[in-house]
Amino acid sequence: MGGVNKPGKKASKRTPTRLKNKIQKASAAKQRKDRKAAKKNPEWVSKLKKDPGIPNMFPYKDRLLAQIEEDRVRRKEEQIQRRAAVKATKTGEVADAQNTAENAMEEDDDSELNGSDDEDMDDEADDGANPLAALLASARKAAEKYERELQSGSDMDDDDDDESDDEEAPMGVIEVPGGSSSRKAFDKVFKQVVDQADVILYVLDARDPEGTRSRDVERSVRRAAGGGKRLILILNKVDLVPPPVLHGWLAHLRRDFPTLPLRASNPAPNAHTFNHRDMTVQSTSGALFRALKTFAASRNLKRAISVGVIGYPNVGKSSVINSLMSRLGGNRHQHAACPAGAEAGVTTSIRAVKIDSKLTLLDSPGIVFPSTVASGSNTPTFVAKNATEAHAHLILMNAVPPKQIDDPIPAVTLLLKRLSASPVLVEKMMKVYDLPPLLLNPENGDATMDFLVQVARKRGRLGRGGVPNINAAAMTVITDWRDGRIQGWADAPEPVADCDKAGTDEKAITTEWAKEFKLEGLWGDESAAAVDDVEMQ
Ligand SMILES: Nc1nc2c(ncn2[C@@H]2O[C@H](COP(=O)(O)OP(=O)(O)OP(=O)(O)O)[C@@H](O)[C@H]2O)c(=O)[nH]1
């Protein structure tokens, strides 16, 4: 190459040794580099099972997995039937369709065992060689057991000795985030709070009071201790709903139980709040505190009255306790207040705090878990169509800690679906992200991806090369929903329509109990009538 040929002599076609060595060296270096990259590259992991996104804390994860698996098998069978039908139509051998389907199924099984099907990793191989088959079998068993328990309604009450006591088993339909052990722990705290308390504050989220309420819980409290316990509904986070909505709910709930509006804590930064005249954290918690003191004084017992707080995850139970404790003045700092947090599942154990000789506060709230299961005795406001929607519902109820949300997208779909019932709320949500109007399809929520791509761009949730990170955008939306930056609420049922539904029992309860707490004249009616509908932010 670089040599100088003698005049008249042809240049050699032989590759010079120097170039040969250079090529060999480059090739070896490339191979080394590829080997190194292959070691680092986790592509081989992608053959592993994709987690369907159900948190370990979720109750009956097994049951959901079994449902998912059933869906998968059904879908696969349908696909095979379809393929067979197409094949049969093409060849005109309709009679052979069945055989073709069977063959296709066998082929499919083979390909899965060979690892050629990424999506469906586990197959219910009869040979037992596949460990996932055993897992599925156990999931099915667990699901069947759950169904049986559901029928008998005995699963929440069985942590102690009274399994046979049907009266005391109202919680059979309540689903609890957490495996069976954590569920038992939560149930135990809940039961302790109800057992020990004379007065139970049942905290509801003002944005969706019926959605965060369980009639079974109310019945069980009313029945407990021969009807000697008192239950007050606390309508918390009133700052997140407009005054007319609050007014409607107060009127509605008071048909069943005495109800007090509350702002237990200040809103999260940038939350959209409404100005309810005189309803500050200080004043509302002061009213509640005075009501409890009045009740304690009226009972004139030798012992102190115990006050317990119960409610769904994230409705503000710990904040209610903290707001009451903050009234202890000097004593407050002697007690580490209840941990409160935007994430669900912050509270786990029980503690009693003496406020004075007449009043004790149980500072560990009892968590009531939302149900997505339709049942005779408990009528949830939302019945999920499938496991994905059930999980999405729990996410929107803030019952799933963010770290355990594997797939936030269905929750955004559900949120858009719900908000789409009110064009005003959709418009407000679009303003939060400064997005142009979005065409929502209330039927299938197929605007989700469009919406999330836009949110990702606006909020800088972008991956490599500026690709919108849809999951991160969805988590942003869920957090904004939880913290009240996205507005949304349920309206109270029309007063005229079910005005007479409250039985005489309920009316008597509300009147009598309200007297004991001297609730007449406290907020609600007058202030709600006089509130100015001014949005603060
Ligand atoms: N805007 C507003 N936010 C509130 C109010 N009360 C509580 N919050 C917020 O709601 C979130 C949940 O409050 P917590 O008191 O931890 O709720 P919890 O029911 O004890 O939650 P768990 O322990 O998960 O069951 C927190 O971010 C609070 O700041 C309120 O009156 N208004």
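Details of the structure are given in the entry above.
Residues numbered from 1 in each chain as written. Predicted model: local features only at pLDDT ≥ 70, side-chain atom pairs only at ≥ 80, totals over all residues. Heavy atoms only, no water.

Undergrad: So what exactly am I meant to see when it comes to the overall build of the chain here?
TA: A tally of helices and strands in the chain yields 16 helices and 9 strands. Long-range contacts, defined here as pairs at least 24 residues apart, represent 71% of the contacts in the chain between residues at least 6 apart. Only carbon and sulfur atoms are counted for the fraction: they give 52% of the accessible area of the chain, which is about 28,300 Å². (Helix = DSSP H or I, 4+ residues; strand = E, 2+ residues; numbered from the N terminus. Contact = heavy atoms within 4.5 Å. Areas by Shrake-Rupley, 256 points an atom, 1.4 Å probe, with all protein chains shown as cover.)

Undergrad: I would appreciate a short explanation of the environment of A304 in the present structure.
TA: Within the element layout of this structure, A304 appears in the loop between α8 (281-299) and β5 (305-311). Considered as a pair, A304 and I355 are 51 residues apart in the sequence and their alpha carbons are 9.1 Å apart. Leaving out residues up to four positions away in the same chain, A304 has contacts with D198, D356, S357, K358, L359 and T360.

Undergrad: Would you mind showing me how to read the packing of aromatic side chains here?
TA: Geometry of an aromatic ring pair is reported as the spacing of the ring centres plus the angle between the planes. Counting across every chain of the model gives 2 aromatic pairs. Arranged with centres 5.7 Å apart and planes meeting at 80 degrees, the rings of F274 and W489 form a pair that is edge-to-face. Taken together, the residues F274 in strand β4 (residues 274-275) and W489 in the loop between α14 (470-482) and α15 (504-516) connect sequence positions 215 residues apart. Note on F274: relative accessible area 3%, which makes it buried. For W489, a relative accessible area of 22% translates into the label partly exposed. Look at Y433 and F451: their rings are 5.9 Å apart centre to centre, the planes differ by 75 degrees, and that puts the pair in the edge-to-face class. Placement of Y433 in the loop between α12 (423-432) and α13 (448-458) and of F451 in helix α13 is noted, with a sequence separation of 18 residues between them. Its guanidinium or amino end placed over the ring of W481, R207 lies 5.7 Å from that ring's centre, counting from NZ or CZ. (Phe/Tyr/Trp six-rings, centres within 6.5 Å; stacked < 30°, edge-to-face > 60°. Buried < 20%, exposed > 50% of the residue type's maximum accessible area, 1.4 Å probe, protein only. Lys NZ or Arg CZ within 6 Å of the ring centre and 35° of its normal.)

Undergrad: Can you walk me through the nonpolar core in this structure?
TA: Generally speaking, nonpolar side chains in soluble globular proteins are found buried as a group. The biggest cluster of nonpolar side chains holds 57 residues, and the ones touching the most others in it are L201, Y202, L288, L292, I310 and V320. Sequence-distant contacts of L288, that is, excluding residues within four places in its chain, are made with L201, I234, L260, L262, V320 and L324. Among the nonpolar cores identified, the runner-up in size contains 33 residues, and A392, A399, V400 and F451 belong to it. (Core = buried A, V, L, I, M, F, W, Y, C linked by side-chain atoms within 4.5 Å.)

Undergrad: How should the pairing of strand β1 (residues 199-205) be read in this particular structure?
TA: Consecutive side chains of a regular strand alternate in pointing toward one face of the sheet and then the other. By the criterion of burial, β1 is predominantly enclosed, with 7 of the 7 residues buried. Of the two faces of β1, both are covered, the one formed by V199, L201, V203 and D205 as well as the one formed by I200, Y202 and L204. With 7 bridges connecting them, β1 and strand β2 (residues 230-236) associate as parallel partners. Bridging across to β2, L204 finds its partner in L235. With 5 bridges joining them, β1 and β5 adopt parallel strand pairing. Bridging from a neighbouring strand, Y202 pairs with I310 of β5. (Pairing = 2+ DSSP bridges.)

Undergrad: Just to check I follow, could you spell out the packing of helix α10 (residues 387-396) against helix α11 (residues 409-419) for this structure?
TA: Two quantities define a packed helix pair, namely the angle between the axes and the distance from one axis to the other. Axis separation between α10 and α11 bottoms out at 8 Å; the angle between their running directions is 75 degrees. With respect to α11, the axis of α10 lies roughly perpendicular. Facing T388, E389, A392, H393, I395 and L396 of α10, the residues of α11 in contact are P410, A411, L414, L415, K417 and R418. Across the contact of α10 with α11, the residue classes break down as 7 nonpolar, 2 polar and 3 charged. (Axes fitted to C-alpha atoms, helices over the stretch in contact; angles between N-to-C directions. Parallel < 35°, antiparallel > 145°, perpendicular 65-115°, else oblique. Nonpolar A, V, L, I, M, F, W, Y, C, P; charged D, E, K, R; others polar.)

Undergrad: Where do I start with the packing of α13 against α14 in this structure?
TA: Between α13 and α14, the least distance of the axes is 8 Å, while the angle of their chain directions is 90 degrees. Classed by the angle they form, the pair α13 and α14 counts as roughly perpendicular. Seen from α13, the contacting residues are M449, F451, L452, V453, V455 and A456; seen from α14, they are I470, A473, A474 and V477. Broken down by class, the residue content of the contact of α13 with α14 amounts to 10 nonpolar, no polar and no charged.

Undergrad: Please explain the pairing of strand β7 (residues 359-362) as it appears in this structure.
TA: On β7, burial covers both faces: L359 and L361 on one face and T360 and L362 on the other are all buried. Alignment of β5 against β7, held across 3 bridges, turns out to be parallel. Across the sheet, I305 pairs through a bridge with L359, a residue of β7. Count of turn residues in the strand β6 (residues 352-356)/β7 antiparallel hairpin: 2 residues.

Undergrad: Would you mind showing me how to read the pattern of salt bridges here?
TA: A side chain of one charge can pair with a side chain of the opposite charge if their charged atoms are brought near each other. Overall, the coordinates contain 19 salt bridges when judged by the stated rule. Across the pair R213 and E210 runs a salt bridge whose closest N-O atoms are separated by 3.0 Å. Each of the two residues, R213 as well as E210, counts as buried. When the shortest N-O distance is used, the salt bridge between K458 and D434 registers 3.7 Å. Of this pair, K458 sits in helix α13 while D434 sits in the loop between α12 and α13, and the two are 24 residues apart along the sequence. (Salt bridge = Lys/Arg side-chain N within 4 Å of Asp/Glu carboxyl O.)

Undergrad: Looking at this model, I keep getting lost on a positive patch on the surface. Mind explaining?
TA: Taken together, the side chains of R32, R35, K36, K39 and K40 define a basic patch exposed on the protein surface. When you line up the elements, R35 lands in helix α1 (residues 17-40). Look at R35 and you get exposed, because its relative accessible area is 51%. (Patch = residues over 30% accessible without salt bridge, like charges linked within 9 Å, V, L, I, M, F, W, Y side chains within 5 Å. Lys, Arg positive; Asp, Glu negative; His and termini not counted. Charge placed at Lys NZ, Arg CZ, Asp CG, Glu CD.)

Undergrad: Hey, could you run me through the environment of R299 in this one?
TA: Within the secondary structure, R299 is located in helix α8. Taking the C-alpha atoms as reference points, R299 and K358, 59 residues apart in sequence, are found 9.3 Å from one another.

Undergrad: Hey, could you run me through helix α7 (residues 243-253) in this one?
TA: Residues three or four positions apart in an α-helix share a direction because the helix packs 3.6 residues into each turn. Taken together, the buried positions of α7 are occupied by P243, V245, L246, W249, L250, H252 and L253. In this fold, the buried residues of α7 make contact with β1, β2, β3 (259-262) and β4.

The values are spatial; any link to function lies outside them.
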